[in-house]
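# Structure at a glance
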Amino acid sequence: MRLIDRVAIVTGAARGIGQQYCLSLAREGAQVVAVDILSCAETVTTVKQAGGQAIEIITDIADATSVQAMAIQVINQYGRIDILINNAALIPKLTPFDQVLEADWDQVMAVNVKGMWLCCKAVIATMRQQGKGKIINISSDTIWAGTPMLLPYVASKGAILSFTRSLARELSGTGIHVNCITPGLTLTQGVQQMAPQETVDYIQTLTVEQQIIKRREAPIDLAGAVLFLASDESDFITGQTINVDGGLTHH
Ligand SMILES: NC(=O)c1ccc[n+]([C@@H]2O[C@H](COP(=O)([O-])OP(=O)(O)OC[C@H]3O[C@@H](n4cnc5c(N)ncnc54)[C@H](O)[C@@H]3O)[C@@H](O)[C@H]2O)c1
């Protein structure tokens, strides 16, 4: 129980990897705030069935007013914010870069990059007052691989790496630590929407062949790195990026 009574906001918590983060954080004793544009009822139920504590706050992370309202609700309810996991993102359909619609480009950047900035802004005053906070930004190993046909996504995830470094340095002396994780291909609804089933199957097979660890990545494989970065065990680590992809890429 490394996170007893810590208040942890997880964005993109309705499903997939975000749901797993909620469950893992709650198992370590955290009070979980599940944030998503979709209902997080399933996540809250799963956490509670496992003996943990969670609430949901429906939020559009690309909308400043919505994000601010979410942070105020957390403060009103718990009086503190210890951990922010910036996990929500849009995973677009595989598309040649010159066929990406301008509106889709803007939307990916608005959610994946601006949304992360808005969430950080909303929690920072509270974390400053506490003299401690852990921000964990979820990028992607596609930034090391240079994955094609996903240019807006890969560009947005690359921005998260430099965002993490810059924010960590700007928050020097505050006790707020900012780190990043680059997950590898993990089958979720987001990934399933990326391409037809046979294409996703093909990409998964190719990925496992190229990994050092020869099995498919699952959401639980990412929980260890998140818990480590959320806990006191990582108190001398900030501005860093941990790659969790079974050794597909190197960082
Ligand atoms: N699954 C993978 O293979 C993989 C690999 C590398 C990185 N990642 C990253 O891990 C994270 C989780 O991915 P996933 O596969 O679980 O994706 P997913 O699409 O299954 O889940 C993403 C969640 O984010 C939410 N979301 C989208 N826009 C939002 C908005 N404007 N406001 C609030 N919530 C919003 C969605 O509703 C959804 O619940 C993402 O940051 C993704 O880029 C995933």
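Everything below is about the structure shown above.
The structure reproduced in this document is the subject of the present report. (Residues numbered from 1 in each chain as written. Predicted model: local features only at pLDDT ≥ 70, side-chain atom pairs only at ≥ 80, totals over all residues. Heavy atoms only, no water.)

### Here's the deal with the packing of helix H1 (residues 16-27) against helix H2 (residues 41-49)
At their nearest, the axes of H1 and H2 sit 9 Å apart, and the two run at 25 degrees to each other. In this view, H1 runs roughly parallel relative to H2, as classed from their interaxial angle. H2 is crossed by H1, and the crossing has right-handed handedness. Side by side, H1 and H2 meet where Gln19, Cys22, Leu23 and Ala26 of the first sit next to Glu42, Thr43, Thr46 and Val47 of the second. Tallied by class, residues from the contact of H1 with H2 come to 4 nonpolar, 3 polar and 1 charged. (Axes fitted to C-alpha atoms, helices over the stretch in contact; angles between N-to-C directions. Helix = DSSP H or I, 4+ residues; strand = E, 2+ residues; numbered from the N terminus. Parallel < 35°, antiparallel > 145°, perpendicular 65-115°, else oblique. Left-handed = near helix turned anticlockwise from the far one by under 90°. Contact = heavy atoms within 4.5 Å. Nonpolar A, V, L, I, M, F, W, Y, C, P; charged D, E, K, R; others polar.)

### Quick notes on a nonpolar patch on the surface
A grouping of Phe97, Trp105 and Leu151 is seen on the molecular surface, where their side chains present a nonpolar patch of about 320 Å² in accessible area. Residue classification places Leu151 among the partly exposed residues on the basis of a relative accessible area of 41%. (Patch = residues over 30% accessible without salt bridge, like charges linked within 9 Å, V, L, I, M, F, W, Y side chains within 5 Å. Areas by Shrake-Rupley, 256 points an atom, 1.4 Å probe, with all protein chains shown as cover. Salt bridge = Lys/Arg side-chain N within 4 Å of Asp/Glu carboxyl O. Buried < 20%, exposed > 50% of the residue type's maximum accessible area, 1.4 Å probe, protein only.)

### Considerations on the pattern of salt bridges
Evaluated as defined, the whole model comprises 8 salt bridges. A salt bridge links Arg6 to Asp232, with the nearest nitrogen and oxygen atoms 3.1 Å apart. Taken together, the residues span a long stretch of sequence, with Arg6 in the segment before strand E1 (7-11) and Asp232 in the loop between helix H9 (220-230) and strand E7 (241-244) at a distance of 226 residues. Its salt-bridge partner being Lys134, residue Asp235 comes within 2.7 Å of it at the nearest N-O pair. Pair noted here: Asp235 is in the loop between H9 and E7 and Lys134 is in strand E5 (residues 133-138), with a separation of 101 residues, a long-range link.

### Some points on the environment of Ser66
With respect to the secondary-structure elements, Ser66 resides in helix H3 (residues 64-78). Other than its neighbours up to four places away in sequence, Ser66 contacts Thr59 and Asp60.

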